[in-house]
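Structural features, examined
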Number of protein chains: 2
Amino acid sequence: MQDGGREGPVTIRDVAERAGVALSSVSRVLSDHPDVSPRMRKRVEDAAEALGYQPDMLAQSLRSGSTRTVGFLIRDISNPLFAVIARRSEQELRAAGYSMLLMNSDGDIAVEALNLEVLRRRRVDGLIVSLESEVAPGTRTGLERFNGPIVLLDREVDELGLGAVLCDHYSGVHAATTDLLARGHRKIALITGSMDVRSTRERLRAYRDAFADAGADPEDALLSIGQFTSDFSKSEVIRLMSRRPEPTALITGGVLTTAGAIRALSQLGRTPGEDVAFVALDEWPLFDVSTPSLASVARDPNEIGTTAARLMLDMLGGGEATTITVPTTFTPRESLTTIRGARRSATGRTSTTRTAAPAAAKRAAAKR
Amino acid sequence: MQDGGREGPVTIRDVAERAGVALSSVSRVLSDHPDVSPRMRKRVEDAAEALGYQPDMLAQSLRSGSTRTVGFLIRDISNPLFAVIARRSEQELRAAGYSMLLMNSDGDIAVEALNLEVLRRRRVDGLIVSLESEVAPGTRTGLERFNGPIVLLDREVDELGLGAVLCDHYSGVHAATTDLLARGHRKIALITGSMDVRSTRERLRAYRDAFADAGADPEDALLSIGQFTSDFSKSEVIRLMSRRPEPTALITGGVLTTAGAIRALSQLGRTPGEDVAFVALDEWPLFDVSTPSLASVARDPNEIGTTAARLMLDMLGGGEATTITVPTTFTPRESLTTIRGARRSATGRTSTTRTAAPAAAKRAAAKR
């Protein structure tokens, strides 16, 4: 496309001719080489503009072998956790000279497959991906066809030898469930998204193990595992809370799930921390200063973003695809309740991954 | 690059030869033409895969004159308002057959200029942009150089003839300030970001006009106009609240500003709606079900996203660059307080753009 004599788009040769400078000078200007005088830059840019020349990024990248861009495929951009992970990854990548192109799959596996294809054709150097599904054929094909390093966020896809940053959901959920059991709760509802993703499987495994470790039996009827949406969660919480006897504790997996559950409780006139114990898996901004403050199992999105970007940079530099696990933290807060007569647990001690002081105590100290 | 006989990348001709089909058949498969049999698709895809053929999206786009992608430049992706706007725009664009590439400027004007350049070189067909600055030279150059329709989100850039979706901040903030004045407040602090963006200018204009309309004088010392960050807001609220006499009402412009102010009040042991009246400009998720519920001036991010995408599609189809204004809504909630002895205003009646029932009343009705 760039051969000067042919019919077609304006080429770098045309620009050099019009500017009356060498081809190499045009190349230096267009590649933002530091060793270019302002006068030369202006001369070339004026000629390029007069001719309507468009630098051919793809041709440049074929020469250099790199587009210096990394694609970031996000499951749902309106989830603040993902947004912070993406922002932090981008900061790390930018510091290393890479731009990041973000695409949102909006919770739709067909869009996910399409986005993987767009990023592949746009020839990004690598992909960081938060998948909607680990098993959808279109997604799997998209991952297989991509010719460069891939880092998965909190997902497991077998046999493709991809890098991954996993979250230790198990420890945090085990600690939270153990705390609720020690507070006397047995009717503990768990509301979360599809088993098609690792986080759900790990959370459910931890929930069941905590019951087994306490010598108690979970009630399968209190498990509500379907979609990571606010609507699903809201209707499920309304349904669960109308059972008799009703659940005494709710664990909600995912920020939209938590939002839906809070809306449901508000509609039912129930208050977390008074009428029902509440633990959110993943933090919504301002949980720590809401009233009542909400107990949570959190992961640090900045840590996840940094880790993913560094693994990507390492793999772009020829490093091996590895799996890195980041911790989760159970933080007991005011939204926990204790069943009358239960031996009260020492909150916070059960967290196996990181300890965190109860925010309620901090708040009480700050209060005049 | 696509000329069959030359040294270089595998071409569509090579794929046709290997698959034993016509060039036009390969073209139909690669462009996802609906009129292709599964058998033909597999045959071509197998040949393409065996040869390691990479479809040249740029070459395709030069032929069609379109990459069928729109770039979306976001000021701060971790702001949930922008995230929802971007998601909604993307849904609209996708329904029209466009993919959306998102880039985050992270509140940095140098990154903003760089991202504009990356999207330009990637030849997106159009740009939807939420700018960090309306005046930074790098941003302005980036907008000028882009050769396609541009839709600005809530920003004014003169003389470039760009499309824009503006928000009617003025009406909402005027209603909120008028309501606080009617509740007897005079020491009303306004904390928000830079005057370099339209939203701040409009909000300040409305604040001043509401005072003038009530025959009252605002105190310039209670204006804190600097950065749209949580840290700036937190330290400013701590500073303002240690003045004697302290402000009796806070208006916070922007979700991060609101978050910082709530953290500051929590640290100071003050409760919005008890110790100080509080109005948030822009909604944070769950404002309506938080305790106390927070009064706000909100804009609908889904409406903004839809409007921006439709304007973009219209401009891509040859329509003129126009400016569309979407309303804001003042919603009084529990975080408002009334100064003793003040004539209480009829909350909600002052909203000039849209009426909204007080959430407190709804909550009270729902509470058992």
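Sequence order sets the numbering: in each chain, residues are counted from 1 along the sequence as written. Going through the entries in the order they are written, you letter the chains from A and number the ligands from 1. The predicted origin of the model limits local features to residues at a pLDDT of at least 70 and limits the giving and counting of side-chain atom pairs to 80 or more, whereas totals for whole chains, interfaces and linings rest on all residues. No hydrogens and no water enter the side-chain calculation; it runs on all heavy atoms of the structure.

Residue and element names in this part refer to chain A. Per residue, pLDDT measures the predictor's confidence, with a range of 0 to 100. Averaged over every residue, the pLDDT of chain A is 84; the share at 70 or more is 85%. Pairs of residues are marked as contacts when any of their non-hydrogen atoms sit within 4.5 Å. In this model residues 1–7 is a low-confidence stretch, pLDDT under 50, and it forms 18 contacts with partners more than four residues away in sequence or in other chains. Confidence drops under a pLDDT of 50 for residues 345–368, and excluding neighbours within four residues, the segment shows 50 contacts in the predicted structure. Scoring the predicted complex yields pTM 0.74 and, for the interface, ipTM 0.71.

On to the pattern of salt bridges, then. What counts as a salt bridge is simple: a side-chain nitrogen of Lys or Arg found within 4 Å of a carboxyl oxygen of Asp or Glu. A full pass over the atoms with the stated rule returns 56 salt bridges over all chains. For Arg145(B), the salt bridge identified is with Glu117(B), shortest N-O distance 3.7 Å. Taken together, the residues Arg145(B) in helix 7 (residues 137–145) and Glu117(B) in helix 6 (residues 109–121) connect sequence positions 28 residues apart. According to the relative accessible area criterion, Arg145(B) is partly exposed, its value standing at 39%. Residue exposure (1.4 Å probe, protein chains only): buried if accessible area is under 20% of the type maximum, exposed if over 50%, otherwise partly exposed. What makes Glu117(B) buried here is its relative accessible area of 16%. Here the residues in one salt-bridge network are Glu134(A), Asp154(A), Glu156(A), Arg198(A), Arg201(A), Arg203(A), Asp282(A) and Arg299(A), joined through shared partners. Per the convention used, a helix needs a DSSP run of H or I reaching at least four residues, while a strand needs a run of E reaching at least two, with both numbered from the N terminus.

In this section: the nonpolar core. Side-chain atoms within 4.5 Å are what join buried Ala, Val, Leu, Ile, Met, Phe, Trp, Tyr and Cys residues into a set we call a nonpolar core. Ranked by internal contacts, the top residues of the largest apolar core, which has 50 residues, are Phe72(A), Ile128(A), Phe72(B), Leu102(B) and Ile128(B). Beyond its immediate stretch of four places on either side in the chain, Ile128(B) contacts Val70(B), Gly71(B), Phe72(B), Leu73(B), Ser89(B), Leu93(B), Val151(B), Leu153(B), Ala308(B), Ala309(B) and Met312(B). Counting residues in hydrophobic clusters, the runner-up holds 42 residues, among them Ala189(A), Leu265(A), Ile191(B) and Phe287(B).

The next point concerns the environment of Leu162(A). Residue and element names in this part refer to chain A. On the secondary structure map, Leu-162 appears in the loop between strand 4 (150–153) and strand 5 (163–167). Classification of Leu-162 as buried rests on a relative accessible area of 16%. Along the chain, Leu-162 and Ser-199 lie 37 residues apart, while their C-alpha atoms are 18 Å from each other. Aside from chain neighbours lying at most four places away, what touches Leu-162 is Leu-143, Ile-150, Leu-152, Val-157, Ala-321 and Thr-322.

Before going further, it helps to spend a moment on the environment of Val157(B). Residue and element names in this part refer to chain B. Of note, Val-157 is situated in the loop between strand 4 (150–153) and strand 5 (163–167). Taking the C-alpha atoms as reference points, Val-157 and Val-118, 39 residues apart in sequence, are found 21 Å from one another. Residues within four places of Val-157 in sequence aside, it is in contact with Leu-131, Glu-134, Arg-140, Leu-143 and Leu-152.

Here the focus is helix 3 (residues 38–51) of chain A. All names here are of chain A. For helix 3, which comprises 14 residues, the first-to-last C-alpha distance of 20 Å matches the rise-based estimate of 20 Å (1.5 Å per residue) to within 8%. Along helix 3, the residues classified as buried are Val-44, Ala-47 and Ala-48. On an axial view of helix 3, the arc spanned by its buried residues comes to 100°, and they lie on one face. Across from the buried face of helix 3, at angles greater than 90 degrees, the exposed residues are Pro-38, Arg-39, Lys-42 and Glu-49. Downstream of helix 3 by one or two residues, Gly-52 has phi in the positive range, about 70°. Expected helix span is computed as 1.5 Å times (number of residues minus one). What the arc measures is the spread of directions leading from the helix axis to the C-beta atoms.

As for its position among the elements, Ser130(B) is in the loop between strand 3 (126–129) and helix 7. Sequence-distant contacts of Ser130(B), that is, excluding residues within four places in its chain, are made with Leu73(B), Ile74(B), Arg75(B), Phe82(B), Glu112(B) and Leu153(B).

Right, let's get into unusual backbone geometry. The omega angle of the peptide bond from Arg244(A) to Pro245(A) is -5°, so this bond is cis rather than trans. Relative to the elements of secondary structure, Pro245(A) occurs in the loop between helix 10 (230–241) and strand 8 (249–253). Notably, Asp106(B) is not glycine yet its phi reads approximately 55°, a positive angle.

On to the sheet that holds strand 8 (residues 249–253) of chain B, then. All names here are of chain B. With respect to topology, six strands assemble into an open sheet ordered 7-6-8-9-10-12, the strand pairing being mixed. Of all strands in the sheet, those bounded by a partner on one side alone are strand 7 (223–225) and strand 12 (329–331). Pairs of neighbouring strands in the sheet enclose a mean axial angle of 10°, with direction left out of account. Strand pairing requires that DSSP identify at least two bridges connecting the strands. Two elements, strand 6 (residues 188–192) and strand 8, share four bridges in a ladder whose sense is parallel. Considered in strand 8, the bridge of Ile-191 is made with Thr-252. A fitted line through C-alpha atoms serves as each axis, taken over the contacting stretch for helices, and the angle formed by two N-to-C directions is quoted from 0 to 180°. Strands strand 6, strand 7 and strand 8 of the sheet are contacted by helix 10 (residues 230–241), whose axis makes an angle of about 160° with strand 6. Against the sheet, helix 11 (residues 255–268) contacts strand 6, strand 8 and strand 9 (277–281), and its axis sits at roughly 155° relative to strand 9.

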